[in-house]
Amino acid sequence: MVMSTEMPYIRTLDDTTELNRMVKRLYGSPSIGGFIEVGPFNNLMISEYESVYEEIKQFPIHDDDIFVVGYPKSGTRWTEEMVWLICNDFNYGKAKEVDLINRFPTLETDGVSFYNINVGKILSEMERPRLIKTHLHWSLFPNEITSNAKKPKFIVVLRSVEDVCLSQFHHHRTTLGFKGSFEEFCKLFLAGKVLQGPYWSQVLSVWDQREHHSMLFIRYEDMKKDLAAIIRQVANFLGKTVPEEEMPKLMDHLSFDSLKKNPAFNHEDMLAQFNGDCNPFTREGIFGGHKAVMTPEMIGNFKDMNEKMFRGTGFSYIK
């Protein structure tokens, strides 16, 4: 195993286990140079993340920053668009002209070359309150957050783990060149050997901070069932209001059909770099989709893992 002398929590993914060999064998996109494991929970990241690890840890935080947090493919992009509009006086014109990644940057995106953006520069020039997203495990957040020195607000997005797995499978096929079967992907997912995994440790790392920080937990499934109610809940958490006459237009903008057609949301300009057969950023937007592709045994494996990992934690936001 290769250890970083400067960053003790970063390790190059080795070949000592069959699961590690599967990761190396089944991913083939030129957009990634390999994988590393980071932190005490061995969160899997692409190798480029190592170059921004220290920058993220030292990133200066303001108490009025607003974070959207969630495991990849949990509905964070949808939530970002909603939060941005609530905080920017429902500026639909700008929301259709300026890419979401520049309006609401992801903290760790500097570590992904195909995005080609400078997150630090964007955030240094952004009007406050700044809007920031991250998929990171809590232990990898900026030091000013993990030390409780600064107290920004966090909107935490949760989604059924089975649907997250299915959505991430399609995303990885396109953006990371995953060439294995869905069954193989599920095996890696359950073992925590997919990007930002293990899923359960990432989710619980944030859940464990709920009494120490200002956090609002929302569920993707509830956004699909009653988006208006979630919009009001988020607005109230942010100290904002959504006039009733604004709600129909906001709901229409945030509908899946509208977002699929919005070039500032759907990343269509990036797809030429990828090798997939669908847009992984706006694929289907449904919940319960895993039931059509997972076998009863696979569903049982996820149920068993949920029971094992969430038992005794007080976590009840994912059904």
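Okay, the pairing of strand β5 (residues 131-134) next. Judged by which residues are buried, β5 turns out to be covered on both faces: L131 and K133 on one side and I132 and T134 on the other are all buried. Two strands pair when backbone bridges link them, and strand β4 (residues 66-69) and β5 are joined in this way by four bridges, in the parallel orientation. In the strand pairing of β5, V69 is matched with T134.

Tracing the sequence through the fold places S160 in the loop between β6 (153-158) and α8 (161-175). By relative accessible area, which is 8% here, S160 ends up buried. S160 sits 59 residues away from R219 along the chain, and the two C-alpha atoms are 8.6 Å apart. Residues in contact with S160, not counting those within four places in the same chain, are E221, H290 and I318.

For the coordinates displayed, the defined rule picks out twelve salt bridges. E37 serves as the salt-bridge partner of K193, at 2.7 Å between the closest nitrogen and oxygen. Residue K193 is found in the loop between α9 (182-190) and α10 (199-207), and its partner E37 is found in strand β2 (residues 35-38); the two are separated by 156 residues along the sequence. Per residue, the accessibility class of K193 equals that of E37, and both read buried. Where E125 meets K121, a salt bridge forms, and the shortest distance between an N and an O atom there is 2.9 Å. Of the two residues, E125 and K121 both sit in helix α6 (residues 119-125), four residues apart, roughly one turn of that helix. Residue classification places E125 among the exposed residues on the basis of a relative accessible area of 56%.

Pairing is antiparallel in the open sheet, where three strands are placed in the order β1-β2-β3. Looking along the sheet, the strands with just one partner apiece sit at the ends: β1 (10-12) and β3 (43-46). When strand polarity is set aside, the average angle formed by the axes of neighbouring strands in this sheet is 35°. Here β2 pairs with β3 via four bridges, running antiparallel. Bridging from a neighbouring strand, F35 pairs with I46 of β3.

This brings us to the layout of surface pockets. Its volume calculated, the second largest pocket comes out at about 350 Å³. The wall of the second largest pocket is formed by 13 residues, among which W84, N88, K94, M126 and E127 lie closest to the centre. Looking at the lining of the second largest pocket, the elements with two or more residues in it are α3 (76-87) and α5 (100-103).

What follows deals with the environment of K24. Of note, K24 is situated in helix α1 (residues 18-26). Linking K24 and F178, residues 154 residues apart in sequence, is a C-alpha distance of 9.8 Å. Leave out the neighbours within four places in its chain, and K24 touches L13, D14 and D15. A polar contact is formed between the side chain of K24 and the side chain of D15, at a distance of 3.0 Å.

With that out of the way, let us pick up unusual backbone geometry. The omega torsion across R128 and P129 is 0°, close enough to zero to call that bond cis. In this structure, P129 sits in the loop between α6 and β5. Cis geometry marks the peptide bond from G197 to P198, where omega comes out at 5°. In this fold, P198 is placed in the loop between α9 and α10.

Let us look at the pairing of β4. Burial along β4 is two-sided: the face carrying I66 and V68 and the face carrying F67 and V69 are both buried. Here β4 pairs with β6 via four bridges, running parallel. Bridging across to β6, V68 finds its partner in I155.

In this section: the nonpolar core. Counting 66 residues, the largest nonpolar core has Y27, Y49, F154, F189 and Y199 as its most contacted members. At six residues, α10 tops the list of elements feeding residues into this core. If near-sequence neighbours (up to four positions away) are discounted, F154 is found in contact with F67, V69, W138, F141, I145, H213, S214, M215, L216 and F237. Counting residues in each nonpolar core, the second largest holds 35 residues, with V68, L85, A95 and L131 among its members.

The rules we used
Residues numbered from 1 in each chain as written. Predicted model: local features only at pLDDT ≥ 70, side-chain atom pairs only at ≥ 80, totals over all residues. Heavy atoms only, no water. Buried < 20%, exposed > 50% of the residue type's maximum accessible area, 1.4 Å probe, protein only. Helix = DSSP H or I, 4+ residues; strand = E, 2+ residues; numbered from the N terminus. Pairing = 2+ DSSP bridges. Contact = heavy atoms within 4.5 Å. Salt bridge = Lys/Arg side-chain N within 4 Å of Asp/Glu carboxyl O. Axes fitted to C-alpha atoms, helices over the stretch in contact; angles between N-to-C directions. 1 Å grid on protein atoms, 1.4 Å probe; cavity = no way out; pocket = protein on both sides within 12 Å on 5 of 7 lines; lining within 4 Å. Points joined across faces, edges and corners; volume = space filled by probe spheres on them. Polar contact = N/O pair within 3.5 Å; in protein donor to acceptor, adjacent residues only side chain to side chain. Core = buried A, V, L, I, M, F, W, Y, C linked by side-chain atoms within 4.5 Å.

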